[in-house]
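Now for the letters of each chain:
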Amino acid sequence: WVKEGLACEHIDTIDCQDHEVVWLTIRQRSGRKLVIGAVYRSGSLPPNNIELLEYLDDHLDAARRRGSSIVLAGDFNVHNQDWLGSQWTTAAGEYLEDMCAAHGLQQHVREPTRGSSFLDLLISDLGDAVKTSVGAPIGRSDHSTVIETVTTSPQRDPRAPRKVWRYNNADWDRLRHFYHHVEWDNLFVTDPEASCRNITAAILDGMNQFIPSKQLHTRPSDHMVYTRVHASYCGEEASLEGSPEEPHLCTPPRPIPFGLSSVHDATAASTTS
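As a starting point, this report considers the structure included with it. (Residues numbered from 1 in each chain as written. Predicted model: local features only at pLDDT ≥ 70, side-chain atom pairs only at ≥ 80, totals over all residues. Heavy atoms only, no water.)

**Focus: the sheet that holds strand β3 (residues 33-40)**
- Read from one edge of the open sheet, six strands run β1-β2-β3-β4-β6-β5, paired in mixed fashion. Bordering the open sheet on either side are β1 (8-10) and β5 (106-107), each of which pairs with just one other strand.
- As judged from the seven bridges shared by β3 and strand β4 (residues 69-75), these two strands associate in the parallel manner. Among the inter-strand pairings, alanine 38 is bridged to a residue of β4, identified as alanine 73.
- The strands touched by helix α1 (residues 51-64) are β2 (20-27), β3 and β4; relative to β2, the strand with the most contacts, the crossing angle is about 20°. (Pairing = 2+ DSSP bridges. Helix = DSSP H or I, 4+ residues; strand = E, 2+ residues; numbered from the N terminus. Contact = heavy atoms within 4.5 Å. Axes fitted to C-alpha atoms, helices over the stretch in contact; angles between N-to-C directions.)

**A few points about the nonpolar core**
- Of all hydrophobic cores here, the largest spans 33 residues; its most connected members are Trp23, Leu56, Phe76 and Leu96.
- When contributions to this core are tallied by element, the ones reaching two or more residues are β2, β3, α1, β4, α3 (91-103) and β6 (120-124).
- Among all residues touching leucine 96, those that are not within four sequence positions of it are Leu53, Phe76, Val78, Trp83, Leu121 and Ile123.
- Ranked by size, the runner-up nonpolar core spans eleven residues in total, among them Ala170, Phe178, Phe210 and Ile211. (Core = buried A, V, L, I, M, F, W, Y, C linked by side-chain atoms within 4.5 Å. Buried < 20%, exposed > 50% of the residue type's maximum accessible area, 1.4 Å probe, protein only.)

**Things to note about the packing of helix α4 (residues 172-180) against helix α5 (residues 192-210)**
- Two elements in contact, α4 and α5, have axes whose closest approach is 10 Å; the angle formed by their N-to-C orientations is 155°. Looking at the two axes, α4 sits roughly antiparallel to α5. Here α4 runs over α5; the crossing is right-handed. For the pair α4 and α5, the contacting residues are Arg174, Leu175, Phe178 and Tyr179 in the first and Ala202, Ile203, Asp205, Gly206, Met207, Gln209 and Phe210 in the second.
- When the residues that make up the contact of α4 with α5 are grouped by side-chain class, the tally is seven nonpolar, two polar and two charged. (Parallel < 35°, antiparallel > 145°, perpendicular 65-115°, else oblique. Left-handed = near helix turned anticlockwise from the far one by under 90°. Nonpolar A, V, L, I, M, F, W, Y, C, P; charged D, E, K, R; others polar.)

**Quick notes on the packing of aromatic side chains**
- Following the criterion strictly, the structure yields four aromatic pairs and no others.
- Their ring planes at 50° and their centres at 6.0 Å tell us that tyrosine 179 and tryptophan 184 sit as a pair that is tilted.
- Owing to a relative accessible area of 28%, tryptophan 184 belongs among the partly exposed residues under this scheme.
- Ring pairing ties together the aromatic residues Phe178, Tyr179, Trp184 and Phe210, which thus form one cluster. (Phe/Tyr/Trp six-rings, centres within 6.5 Å; stacked < 30°, edge-to-face > 60°.)

**Quick look at a negative patch on the surface**
- Side chains of Asp18, Glu51, Glu54 and Asp58 sit close together on the surface and give a patch of like negative charge.
- With respect to the element layout, glutamate 54 can be found in helix α1. (Patch = residues over 30% accessible without salt bridge, like charges linked within 9 Å, V, L, I, M, F, W, Y side chains within 5 Å. Areas by Shrake-Rupley, 256 points an atom, 1.4 Å probe, with all protein chains shown as cover. Salt bridge = Lys/Arg side-chain N within 4 Å of Asp/Glu carboxyl O. Lys, Arg positive; Asp, Glu negative; His and termini not counted. Charge placed at Lys NZ, Arg CZ, Asp CG, Glu CD.)

**Examining unusual backbone geometry**
- A positive phi angle, near 50°, is found at asparagine 77, a position not held by glycine.
- When you line up the elements, asparagine 77 lands in the loop between β4 and α2 (81-84).
- Among the residues examined, asparagine 77 registers a relative accessible area of 15% and is labelled buried.

**Re the layout of surface pockets**
- Of the voids in this model, the second largest pocket is the one considered here, and its volume is about 230 Å³.
- Looking at the second largest pocket, it is lined by 17 residues, and the ones nearest its centre are Arg41, Gly43, Asn77, His79 and Leu119.
- For the lining of the second largest pocket, the class distribution of residues is seven nonpolar, seven polar and three charged. (1 Å grid on protein atoms, 1.4 Å probe; cavity = no way out; pocket = protein on both sides within 12 Å on 5 of 7 lines; lining within 4 Å. Points joined across faces, edges and corners; volume = space filled by probe spheres on them.)

**What to know about the pairing of β6**
- Counted residue by residue, β6 has five buried out of five residues, so it is predominantly covered.
- In β6, alternate side chains face the same way, and those of Asp120, Leu122 and Ser124 on one face and Leu121 and Ile123 on the other are all buried.
- As paired elements, β4 and β6 share five bridges and run antiparallel to each other. By the bridge assignment, glycine 74 is partnered in β6 with leucine 121.

**With respect to α1**
- In this model α1 runs 20 Å from its N-terminal to its C-terminal C-alpha over 14 residues, within 8% of the 20 Å that 1.5 Å per residue would give.
- The largest bend along α1 reaches roughly 40° and is located at aspartate 58.
- Listed in full, the buried residues belonging to α1 are Leu52, Leu53, Tyr55, Leu56, Leu60, Ala62 and Ala63.
- Tucked into the core, α1 has its buried residues touching β2, β3, β4 and α3. (Expected span 1.5 Å × (residues − 1). Bend = angle between axes of the 7 residues up to and from the residue.)

Written out as structure tokens, the structure is:
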């Protein structure tokens, strides 16, 4: 999924039905585009199967022509002892290393994502502009979560609608009761995308019933709102420096805890994840 309001476009001209890869572009304020390829290479494939990697190798130049920078992210299921710190090396792992070297790409994940293996990778030509961290698995997954932060300025569609939740007015007891009686196991089906839609629908169903909300329309130049509640948490004055032309100055000195603000919830425009 892509966060609502980002200027995003699906590149369907280089999609391939034989491989699980989705290509997107995210337009930045500079006018340049960041190309993102979401990749899944099945762990059931033979170690010497490089068909998906050959597809990526053949289409990287075409993808790059759609933007100024490129990011490949996903479950690659390859092993390379020297390059990734794996326990062994496979033909697929060697091919991916050579492909990255040939195209000037860097692998950013520095912690194992399943046991002692580096299976979930983030590869780009952005250098130090990319930061990654590895967190706990989500749900029943046996893979860790990889969080990527890219320092960029994405362009937002003008007047993008946003639903803002008023957490301070939520009926938490009834929401907990609602979630307690959801048959969560029944939401998991064979198709992972369908499972994701089922879980999302169940979560949003509870939120819509027991958490008040309002609809806002934000502009690309809107500041992050920094309220007195935030100031009391941070122990600093509730003031912002900067201007729409310098949004990086609008980030508070410390992360704001989830749910402190009611309608004053926004995302800094200087970073997209």
